[in-house]
Amino acid sequence: MSVEDVQRRLKALGYTIGTAGPNRDGVDGDFGRLSQLATLAALVKGAPAPADAPSPPPGTSATKPSSVPASWMPAALIKGIVVHWTAGAHRASALDRSHYHLLIEADGKLVRGTPSIDLNDARGLKSGYAAHTLKCNSGFIGVSLCCMAGAVESPFKAGPHPMTRAQWDELPAVLADLCRRYDVPITPRTVLSHAEVQGTLGITQRGKWDISRLAFDPSVVGAKAVGDLFRKRAAALLANPSEA
Ligand SMILES: [Zn+2]
């Protein structure tokens, strides 16, 4: 955990850590006096009750801290996000990381891909950009769940590396962070799976079916059904970050 991660967590818990840093929210990567005091307070007494907010109902968690570190989201003109699976194993390999900006491993851990998001700027692709979606890379961030190597589309077999609920559950928070940072509205044309690109945007994708099945929930079938689910959950988080 980096100093910035600690600062974000403290902020999420309601501690005052000042207004330093690029976003003037106290998250500056410098373990200064306010951060030190807040950390000590958190150690001694746990999360403070927010002064002017009702306490969360039993069984819900406190405000979820941001999932995507601010330093992973450099300035760029971004139009949308395409969600994939890697068709690889449960951990992100170097090859997996070369294709996407962000990857979510089977245990829900977020991994940064090799290409930086700003290389896929909508004003022009830059050398080394993430080539994640055929003819749809300019202005589009690629997020991928690490899973589904050896899967078969029909009849459906998830294979030896099935998508896990943990990585699926992490996806909405990642999407919400990206949408907030880059002012991307959550619509079927701006936040969509690779499997939806051909039908929704009309860009041929040579039979890509990520993501049209959820290995842990056979009742959800089809790219639109899957896309509608992650859009709904991401939109709820965007509207109310405490609904983790
Ligand atoms: Zn894909």
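Residues numbered from 1 in each chain as written. Predicted model: local features only at pLDDT ≥ 70, side-chain atom pairs only at ≥ 80, totals over all residues. Heavy atoms only, no water.

A. Structural detail: the packing of aromatic side chains. A full pass over the atoms with the stated rule returns four aromatic pairs. Consider the rings of Trp85 and Trp209, whose centres lie 4.8 Å apart with planes at 85°: the pair is edge-to-face. Placement of the pair is Trp85 in strand β1 (residues 80–85) and Trp209 in the loop between α5 (194–201) and α6 (223–239), with a sequence separation of 124 residues. Taken as a pair, Trp85 and Trp209 share a single burial class, namely buried. Here the aromatic rings of Trp168 and Phe216 are separated by 6.4 Å at their centres, their planes lie at 50°, and the arrangement is tilted. Highlighted residues: Trp168 in helix α4 (residues 165–182) and Phe216 in the loop between α5 and α6, separated in sequence by 48 residues. Classification of Trp168 by relative accessible area gives buried; the value is 4%. (Phe/Tyr/Trp six-rings, centres within 6.5 Å; stacked < 30°, edge-to-face > 60°. Helix = DSSP H or I, 4+ residues; strand = E, 2+ residues; numbered from the N terminus. Buried < 20%, exposed > 50% of the residue type's maximum accessible area, 1.4 Å probe, protein only.)

B. Structural view of the coordination of the zinc ion. Every protein donor of the zinc ion is accounted for by His84 (ND1), His194 (ND1) and Asp210 (OD), and the metal-donor separations fall at 2.0 to 2.2 Å. Within one chain, the residues donating to the zinc ion are spaced in sequence as H-x109-H-x15-D. Of this pair, His84 sits in strand β1 while Asp210 sits in the loop between α5 and α6, placing them 126 residues apart in sequence. Each member of the pair His84 and Asp210 is classed as buried. (Donors = N, O, S within 2.8 Å, 3.2 Å for Na, K, Ca; no water.)

C. Highlighting the environment of Thr114. Locating Thr114 in the fold gives a position in the loop between β3 (110–112) and β4 (140–145). Separated by 17 residues in the primary sequence, Thr114 and Arg97 place their C-alpha atoms 5.5 Å from one another. Among all residues touching Thr114, those that are not within four sequence positions of it are Arg97, Ser98 and Tyr100. (Contact = heavy atoms within 4.5 Å.)

D. Representation of the side chain of Arg231 within the structure. One can find Arg231 in helix α6. Here Glu196 takes part through its side chain, which lies 2.9 Å from a polar atom of the side chain of Arg231. (Polar contact = N/O pair within 3.5 Å; in protein donor to acceptor, adjacent residues only side chain to side chain.)

E. Molecular detail of the pairing of β1. Burial runs high along β1: six of the six residues are buried. The alternating pattern of β1 places Gly80, Val82 and His84 and Ile81, Val83 and Trp85 on opposite faces, both of which are buried. Pairing analysis gives six bridges linking β1 to β4, with the strands arranged parallel. Following the sheet pairing, His84 is matched in β4 by Ser144. (Pairing = 2+ DSSP bridges.)

F. Quick look at the sheet that holds β4. Spatial ordering of the open sheet is given by β3-β2-β4-β1-β5, a layout of five strands whose pairing is mixed. The two strands at the open ends of the sheet, each matched to only one other strand, are β3 and β5 (191–193). Sheet twist, expressed as the mean angle between neighbouring strand axes with direction ignored, is 25°. Relative to β4, strand β2 (residues 102–104) is paired through three bridges, and the arrangement is parallel. Bridge pairing in β4 places Leu103 opposite Ser144. Against the sheet, α6 touches β1 and β5, its axis set at about 140° to β5. (Axes fitted to C-alpha atoms, helices over the stretch in contact; angles between N-to-C directions.)

G. Region of the structure containing the pairing of β4. With six of its six residues buried, β4 lies for the most part within the structure. A two-sided burial pattern is seen for β4, the buried positions comprising Phe140, Gly142 and Ser144 on one face and Ile141, Val143 and Leu145 on the other.

H. Expanded view of unusual backbone geometry. In this structure, the amide linkage connecting Ser154 to the following residue, Pro155, adopts the cis form with an omega of -10°. Counting through the fold element by element, Pro155 comes out in the loop between β4 and α4. Cis geometry is found at the peptide bond from Asp210 to Ile211, where omega equals 10°. Position of Ile211 among the secondary structure elements: in the loop between α5 and α6.

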